[in-house]
Every structure is written in structure tokens, then in C-alpha cells.
2 protein chains.
Amino acid sequence: MQISELSDRSGLTVQTIKFYIREGLLPRGSAVSATRSEYDRRHLERLRLISALREVGDLPVAAIQQIITAIEDDTVSLHELFGTTQYAIGPHVAAPQDPNWRAAREDVDALVRELGWNVTERAPARDLLAHTFVALRRLGFPITLTDLRPYVRAAREVAEHEIGRVTDGASRARTVHSLLVSTVLYEQVLTALHRLAQEDASARRFGTG
Amino acid sequence: MQISELSDRSGLTVQTIKFYIREGLLPRGSAVSATRSEYDRRHLERLRLISALREVGDLPVAAIQQIITAIEDDTVSLHELFGTTQYAIGPHVAAPQDPNWRAAREDVDALVRELGWNVTERAPARDLLAHTFVALRRLGFPITLTDLRPYVRAAREVAEHEIGRVTDGASRARTVHSLLVSTVLYEQVLTALHRLAQEDASARRFGTG
DNA sequence: TCGCTTGGATACCGGCACTATCCAAAGGGG
DNA sequence: CCCCTTTGGATAGTGCCGGTATCCAAGCGA
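These figures come from a predicted structure and were not determined experimentally. (Residues numbered from 1 in each chain as written. Chains lettered and ligands numbered in written order. Predicted model: local features only at pLDDT ≥ 70, side-chain atom pairs only at ≥ 80, totals over all residues. Heavy atoms only, no water.)

Draft legend 1. Fine view of the overall build of chain A. Secondary structure assignment for chain A yields 9 helices and 2 strands. Secondary structure elements of chain A, listed N to C terminal, follow the sequence α-α-β-β-α-α-α-α-α-α-α. Its C-alpha atoms give chain A principal-axis dimensions of roughly 65 × 50 × 35 Å. A total of 209 residues make up chain A; the buried ones form 52% of that total. Counting contacts in chain A only where the partners sit at least 6 residues apart, residues at least 24 apart contribute 53% of the total. Placing the 26 positive and 27 negative side-chain charges of chain A at their respective mean positions leaves the two points 2 Å apart. (Helix = DSSP H or I, 4+ residues; strand = E, 2+ residues; numbered from the N terminus. Buried < 20%, exposed > 50% of the residue type's maximum accessible area, 1.4 Å probe, protein only. Contact = heavy atoms within 4.5 Å. Lys, Arg positive; Asp, Glu negative; His and termini not counted. Charge placed at Lys NZ, Arg CZ, Asp CG, Glu CD.)

Right, dumping it as C-alpha cells:
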């Protein structure tokens, strides 16, 4: 198919597709002549993946580029791809020497150790959690490990479910999509349901009717 | 205190503080002379709140502005403030006439109804969830209500815990902070723990050691 | 033949969250 | 009292990001 058809079917403009090619998110079509290239189903699927990661997952283009690079390297295992995705998602904070921050990060590391979770030292999610600790404490809402218990429980159950859902038998492409979907997209599902459940709880507690 | 001290204590530059005043996130100090204003503890607390919502919650300035406006209006109830926050957080999607989108949104509405949740029709989280449905289906990963069960359970438990934690006896300012913290900041806590739990699950399932 | 599409390159744009500058009018230490 | 710094307030500029727009030469196709 030509780029115009790719555009129609993906819902993205030709310009945007060219942009994604420039940025290395999408491989070039196979050149048929100097002014014609042929695109196939995989290009379309790739574009759908990019759209999902951008529009739903809200990932920056640069992060998607890193993920794509890992996807296209067949020597990258599923777990390594997972790590790449986590790292690309961020946040990327240069650890400040603020003692409060250091203490929070220490608490996070202790928590992970206590839970026995097998998580990289560099996982940005550690920083994200530490960041929330610092902010909570600065606002005068100290956080303790018992406060976290319900969150840990919920996170563990949901994560277990997600990783278990990754289809392992199919093609690598399919499996990889399955993994990304389970992590990036279902994170949004959890967030959305969390907000809805909060609103309901708020209505019951504070609502007037 | 003067603006320079406010700057030191909040960790924000004088420029940024002035910017927040211009944007209506922070009230002006009480003018002492043409070139001197007095700031107090509330200004500092406000700045800490703004920083938390910006840096940890990743809210845009415009969203924080809406929340602040609601905070400062004493006639706004806690539940209304909650709604304002949810709305400010977004996403703000102009519902397209795409039939897939309509169907997804219908599914979300049906789910909310079935759960008996008391949630506004306009809650952006409905759109967020619908958005994920569309993306998942386009990628060939259809989603069913049973898939959602673990998420619903987790979301409900955590939300219940959060709303229950909102301190109701203290001053309005304190209660309001408590509510915002419980929603915006703990959303990040949940996200971070979710990612960590996923990495652990991934390590166990796909890890090499 | 003639208009439309394409590949490829380059330039440009709008939104966002600051950041820099400037000015006149105070402080305030020596 | 002098002079250096700080401040309030306004206006302009910056850097990043994710696209858009434009242009050109080279096909394609009716």
C-alpha cells in the first residue's frame, strides 16, 4: 500500500508518518521507485502501536523510539524489553543531594528489599516513589509502610494478572505487543478505574446527593 | 517574610514565584510599601502544594489554577472540589463520532452502572478508560469485563482507603490538602508500586537471573 | 500531456513552563 | 546621606516538544 492509504487506515496524516520515519519510530517502506514506496501490514500495526503509546500511554516520542529499538533487536529478551520500557517511561531525575530525598530513596529501597521484589537498582519507579515520599512529607503528611500496605497488595495482584496474561506462544511481534499493552496501556486502565472508584467513594463520604 | 526568603524555603526561584502569582496560583503578599510585600506561612504551604502537584502529580499549571480557584471558594464542598480536581486533571477529549469510540464509551458507562458507582457523566476518567478500550481493540487485544475484575477490585480497595484517610476534623485548608494529597499524590504512589510489582513479576516469569 | 502523489529535506509553528531584563521605587549598612 | 541591593510589576525571550507546512524534483496514471 502507499503512504496515503497508510495514512487513511492509521488515522495519522502523511506528514506525521513521515515525521515518525524521520524519528526512527517507523521503518521506511520498501522503495519501488524514486517516488514510490510500498508499505505493508506491519507498518500499519507499528503505527497503531505508536498511536497507542503516544495517545493513551502519553509517552514522549523519544521514549517510544527507545522501546522500538529494543523491539527490533531480536537478541533483547522479554524481560530486558520490559526494563527498557520502564526506563524509557521515566521519570529521569538526577538524584539531588538533598538529605530528605536520600532518606526517601532509602525508605523505598528498604521497602523493595523487605517485599523481596526483584527490581533493578536503577528502576525509575523507585525514584518516582521516593519523589512522592518527599512531597508528602513536605506537605506534612508523613507516610509509613503500613500506609502502603493496601497499595502493595493491589499492585501485586494486578501486576501478577498482567504478566500472566502476556501471550507467550505467539510470534515475537505479538508477544512483544502483548507485553507493552499489559504494562503501558493497562497502567492507564488502572489509573482510570482508580479515579472512578475515588469519585464514588468521595460521593458516598462527602456527597450531598 | 520577603520573597527571597520564600524562595529559599520553597526551593523555587523568585522568578517562578512571581510567575505563579501572575498565573493566579499564589496570592500576592500583603503590600508593605511600593517595593516590599510580606509573605507568610500560608504562602509557603501553597507553594509546597503547587510544587507537589506540578512535580509529582505532573499537573499543568492551568489545572492547578482551576483547583486553587475551587480551594479558595469556601462554598465549594469537598466533593465538589474532588470533581473539580478530576475534571482539571483531564484528559479533555472532544468525543469523536468514531463508532468504535462510541461503543467503548458505552461499555464504560455500562460498567459504571453495573458497579453501581456514583460517578458524574462528565468525569474525564470515563473517557480515559474508553480511550484505552479503543486502543486495545485496535491492537487486537479485545478487553472484556472479566479482564477488568482485578482492576476494579484493586481500585475500589485503594480508593476506599484513600477517602477514608482524608482528615475531616481539621481546618478546611488542612482537609483540602489532605484530599488533594490522597487523590493526586497517591495516584503516583499506586503507579510507582504497580511498575515495581510488574518488574518483579516480569523477572519471575521471563528473567534469566 | 498534465495534474496529482510521493520521497526527502528544511523550515516553521503553537503550546507550555518558565527565565531574563528592565524600570522605578524603596530598604539599609557604612 | 550615599550607594548598592532588593523588590514589585511588566514585558519579552527561551528551550523543548510534537508535529505542520512548504518546496522540489521525480514519477505515476488517466
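Draft legend 2. Broad picture of the protein's contact with DNA strand D. Around DNA strand D sit 24 residues in total, of which T35 and R54 of chain A together with Q2, S4 and K18 of chain B are the nearest. Of all atoms in DNA strand D that approach within 4 Å of the protein, 65% are sugar or phosphate atoms. A distance of 3.0 Å separates a phosphate oxygen of DNA strand D from a polar side-chain atom of T16 of chain A. In this structure, S33 of chain A approaches DNA strand D through a side-chain N or O atom, which is 3.0 Å from a phosphate oxygen. Mapped onto the surface near DNA strand D, the elements with two or more residues apiece are α2 (14-22) of chain A together with α1 (3-10), α2 (14-22) and β2 (36-38) of chain B. The element best represented in the surface near DNA strand D is α2 of chain A, accounting for 5 residues. (Near = heavy atom within 4 Å. Polar contact = N/O pair within 3.5 Å; in protein donor to acceptor, adjacent residues only side chain to side chain.)

Draft legend 3. Focus on the relation of the copies chain A and chain B. Relative to chain B, chain A is turned by 180 degrees and slid 0.0 Å along the rotation axis, the superposed coordinates differing by an RMSD of 0.0 Å. What the superposition gives is, in effect, a two-fold axis relating one chain to the other. Rotation axis and chain A: the residue whose C-alpha lies nearest the axis is A154 of chain A, separated from it by 2.4 Å. Same-surface contact between copies: 100% of interface residues of chain A are shared with the interface of chain B. (Least-squares fit on C-alpha atoms with pLDDT ≥ 70 in both.)

Draft legend 4. Focus on the interface of chain A and chain B. Facing 85 residues of chain A, the contacting portion of chain B comprises 85 residues. For R153 of chain A, the salt bridge goes to E157 of chain B, with nearest N and O atoms at 2.9 Å. At the boundary of chain A and chain B, one finds 33 residue pairs in polar contact (both at pLDDT 80 or more). Elements with a contribution of two residues or more to the side of chain A that touches chain B: α1 (3-10), α3 (41-56), α5 (78-89), α6 (99-115), α7 (124-138), α8 (145-165) and α9 (172-206) of chain A. The element that contributes the greatest number of residues to the side of chain A that touches chain B is α9 of chain A, accounting for 29 residues. Grouping the amino acids of the side of chain A that touches chain B by side-chain chemistry returns 42 nonpolar, 23 polar and 20 charged. (Salt bridge = Lys/Arg side-chain N within 4 Å of Asp/Glu carboxyl O. Nonpolar A, V, L, I, M, F, W, Y, C, P; charged D, E, K, R; others polar.)

Draft legend 5. Structural context of the packing of α9 of chain A against helix α7 (residues 124-138) of chain B. The geometry of α9 of chain A relative to α7 of chain B is characterised by a closest axis approach of 8 Å and an angle of 155 degrees between their N-to-C directions. Taken together, the axes of α9 of chain A and α7 of chain B are roughly antiparallel relative to one another. In the crossing of α9 of chain A with α7 of chain B, the sense of the turn from one axis to the other is left-handed. Here V181, L185, Y186, Q188, V189, T191, A192, L193, R195 and L196 of chain A of α9 of chain A lie close against α7 of chain B, whose contacting residues are A125, R126, L128, L129, T132, A135 and L136 of chain B. For the contact of α9 of chain A with α7 of chain B, the per-class residue count stands at 12 nonpolar, 3 polar and 2 charged. (Axes fitted to C-alpha atoms, helices over the stretch in contact; angles between N-to-C directions. Parallel < 35°, antiparallel > 145°, perpendicular 65-115°, else oblique. Left-handed = near helix turned anticlockwise from the far one by under 90°.)

Draft legend 6. Structural detail: unusual backbone geometry. All names here are of chain A. The omega torsion of the bond from G90 to P91 falls at 5 degrees, within 30 degrees of zero and hence cis. Mapping P91 onto the fold places it in the loop between α5 and α6. Positioned with a positive phi, D58 is a non-glycine residue whose angle comes to about 60 degrees. Mapping D58 onto the fold places it in the loop between α3 and α4 (61-72).

Draft legend 7. Structural detail: the UniProt feature "domain: HTH merR-type" (unreviewed entry) in chain A. Under the UniProt annotation, "domain: HTH merR-type" (unreviewed entry) lies at residues 1-70 of chain A. In residues 1-70 of chain A, helix accounts for 61% and strand for 10%; the two terminal C-alpha atoms are 26 Å from one another. (UniProt positions renumbered as here; feature names shortened; annotations may be inferred.)

Draft legend 8. Fine view of the protein's contact with DNA strand C. Near DNA strand C, the surroundings consist of 22 residues, among which Q2, S4, K18 and S37 of chain A together with R54 of chain B are the closest. A breakdown of the atoms of DNA strand C within 4 Å of the protein gives sugar and phosphate a share of 66%. Within the contact set of DNA strand C, a phosphate oxygen lies 2.7 Å away from a side-chain nitrogen or oxygen of S4 of chain A. Here R28 of chain A contributes a side-chain N or O atom positioned 3.1 Å from a phosphate oxygen of DNA strand C. Of all the elements in the fold, those that place two or more residues in the surface near DNA strand C are α1, α2 and β2 (36-38) of chain A together with α2 of chain B. Element by element, the count of residues in the surface near DNA strand C is highest for α2 of chain B, at 5 residues.

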